[in-house]
Amino acid sequence: MSLPFDFADGVLHAERVSLASLAEQFGTPLYVYSRAALETAYGAYANACAGRRATVHVAVKANSNLAVLNVFARAGAGFDIVSAGELTRALKAGASADKIVFSGVGKTADEMRTALRVGVKCFNVESIPELDRLNTVAGELGLRAPVSLRVNPDVDAKTHPYISTGLKSNKFGVAFEEARATYRSAARMKHLEVIGIDCHIGSQITQISPYLDALDKVLELVTQVESDGATIHHIDVGGGLGIRYDDEEPPEIGAFVRAILDRIAERGHAHREVLFEPGRSLVGNAGVLLTRVEYLKPGSAKNFAIVDAGMNDLARPSMYQAFHGIDAVVPRKGAASVYDIVGPVCESGDWLGRDRSLALEAGDVLAVRSAGAYGFVMSSNYNTRPRAAEIMVDGDQAHVVRARETVEQLLAGETILTA
Ligand code: LLP
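Each chain carries its own residue numbering, running from 1 in the direction its sequence is written. Given that this is a predicted model, residues contribute local features only at a pLDDT of at least 70 and side-chain atom pairs are listed and counted only at 80 or more, while totals for whole chains, interfaces and linings are drawn from all residues.

- Where an unreviewed UniProt entry is consulted, the protein appears under the name Diaminopimelate decarboxylase, with the organism given as Pararobbsia alpina.
- If you open the UniProt record of the protein and go to Cofactor (unreviewed entry), you find "pyridoxal 5'-phosphate".
- UniProt positions are given in the numbering used here, feature names are shortened, and annotations may be inferred rather than shown by experiment. The heading Sequence similarities (unreviewed entry) in the UniProt record of the protein holds the text "Belongs to the Orn/Lys/Arg decarboxylase class-II family. LysA subfamily."

## Section: the packing of helix H2 (residues 35–49) against helix H3 (residues 66–74)
1) Next: At a minimum axis distance of 10 Å, the contact between H2 and H3 shows a crossing angle of 40°. In terms of orientation, H2 lies oblique with respect to H3. Along this stretch, H2 crosses H3, giving a crossing that reads as right-handed. Contact residues: Arg35, Leu38, Glu39 and Tyr42 in H2; Val68, Val71 and Phe72 in H3.
2) Next: Gly falls in the polar group here, along with every residue not listed as nonpolar (Ala, Val, Leu, Ile, Met, Phe, Trp, Tyr, Cys, Pro) or charged (Asp, Glu, Lys, Arg). Grouping the constituent residues of the contact of H2 with H3 by class yields 5 nonpolar, no polar and 2 charged. Every angle, taken between N-to-C directions, lies between 0 and 180 degrees, and every axis is a line fitted to C-alpha atoms, over only the stretch in contact when it is a helix. A helix here means a DSSP run of H or I that spans at least four residues, while a strand means a run of E at least two residues long, and both kinds are numbered starting from the N terminus. Angle categories: roughly parallel below 35 degrees, roughly antiparallel above 145, roughly perpendicular from 65 to 115, and oblique for all the rest. Helix crossings are classified by the rotation of the near helix relative to the far one: an anticlockwise turn of less than a right angle makes the crossing left-handed, while a clockwise turn makes it right-handed. Two residues qualify as a contact pair if the distance between their C-beta atoms, derived from the backbone, is within 7 Å.

## Thoughts on the packing of helix H5 (residues 109–118) against helix H6 (residues 128–141)
1) Next: At their nearest, the axes of H5 and H6 sit 10 Å apart, and the two run at 50° to each other. It follows from the interaxial angle that H5 and H6 lie oblique. In the packing of H5 onto H6, the handedness of the crossing is right-handed. Residues Ala109, Met112, Arg113 and Leu116 of H5 touch H6, and the partners they reach there are Arg133, Leu134, Val137, Ala138 and Leu141.
2) Next: Taken together, the residues that form the contact of H5 with H6 break down as 7 nonpolar, no polar and 2 charged.

## Description of the domain arrangement of the protein
1) Next: Each domain of the protein was delimited in the assignment, giving domain 1 (5–33 + 284–411) and domain 2 (104–276).
2) Next: Segmentation into domains, and thus their bounds, comes from an automatic or database assignment. Here the C-alpha centroids of domain 1 and domain 2 sit 36 Å apart.
3) Next: If you look at the interface, domain 1 gives 7 residues, while domain 2 gives 5 residues.
4) Next: Of the residues belonging to the side of domain 1 that touches domain 2, the class tally is 2 nonpolar, 5 polar and no charged.

Below, the structure is given as structure tokens:
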């Protein structure tokens, strides 16, 4: 089978495992990942980086399941984390601390302490107050914190406003005009060691040009900062490469990586280490969400297929009006109708797909495609709905990599007043 999720004998499979049998055995809603798809995507980054001073730091936020992270750790990946929780996950999945970069605008002193103690590769810092805090915390521990400044190159990544991060109007990064002065401030802080520069201009980016525009600005800054006496060992270009959900045509991973490394070399910076922080492009199309049709509800304005997965399981459609392909796991031969695929949550915004032409009956299992990134990780317990189980398929084997949550677990931390 060529694709990780493809039909064989009229049934959608993950590698060599029938998704119909997984839904039967483990119930729905169910996240299913393909190990081969994860390895193929990682391999595309790793191959394009081979022979260059370039490394891949998997953005844990996109999919933080331990088994998923472990597949990448075994392949030699580094990680990009944004919390102490993600740090714990990455280490538990087998990452070495010196391959972990710590991003995020709101690091607490506790999180800094934890990351300093384990010895992360770099703190990607986003403001002067954060530099101050890190300097203090490192001083208390008698350490020097390795630091990169996240600069905001003010380029338009031409993506959804909620996931565009490189514009002036975003909360992220140090404004480009202030970056040089901020580096000078960092250089004066005794417990910091400036080692790099980073940027991240957004997510689901389907063109290379915004990256090259951002790079040109970042490289110009590198030259200025070094003329002020700092040494920039590495350039972290962030993540953000898009995937195909519908009819998008993002560049291939290899072409994307080479375009960036070539530009850096052309501009005379080939001696520097380059870091990539991909999330979605590694895991997005390596996962599906299985959900069962509970009821069909025909109407004069709309036909609804009410399924057992909702916005609490997959938030992207309701949150960003994101499109996810939806297929019946065992497509029926009969005439198709047009349905809105909606969840059981008590919100009108609880939908997974709109105006989908499908031949359906109650009880059918649907696969919501491209759900491997920002899927389970963004799920919630709204409506006291336990979170889905997660399965990793490897060839003809299926492994439960996260058990389905129970209502008892949800209530475990709650108490009522006794008087
Ligand atoms: N590095 C940094 C600093 C980031 O903020 C992000 C994602 C990444 C790397 C990974 O970006 P990726 O390669 O996955 O695009 N929840 C949204 C996406 C939010 C992305 C946040 N930052 C969604 O479902 O589309």
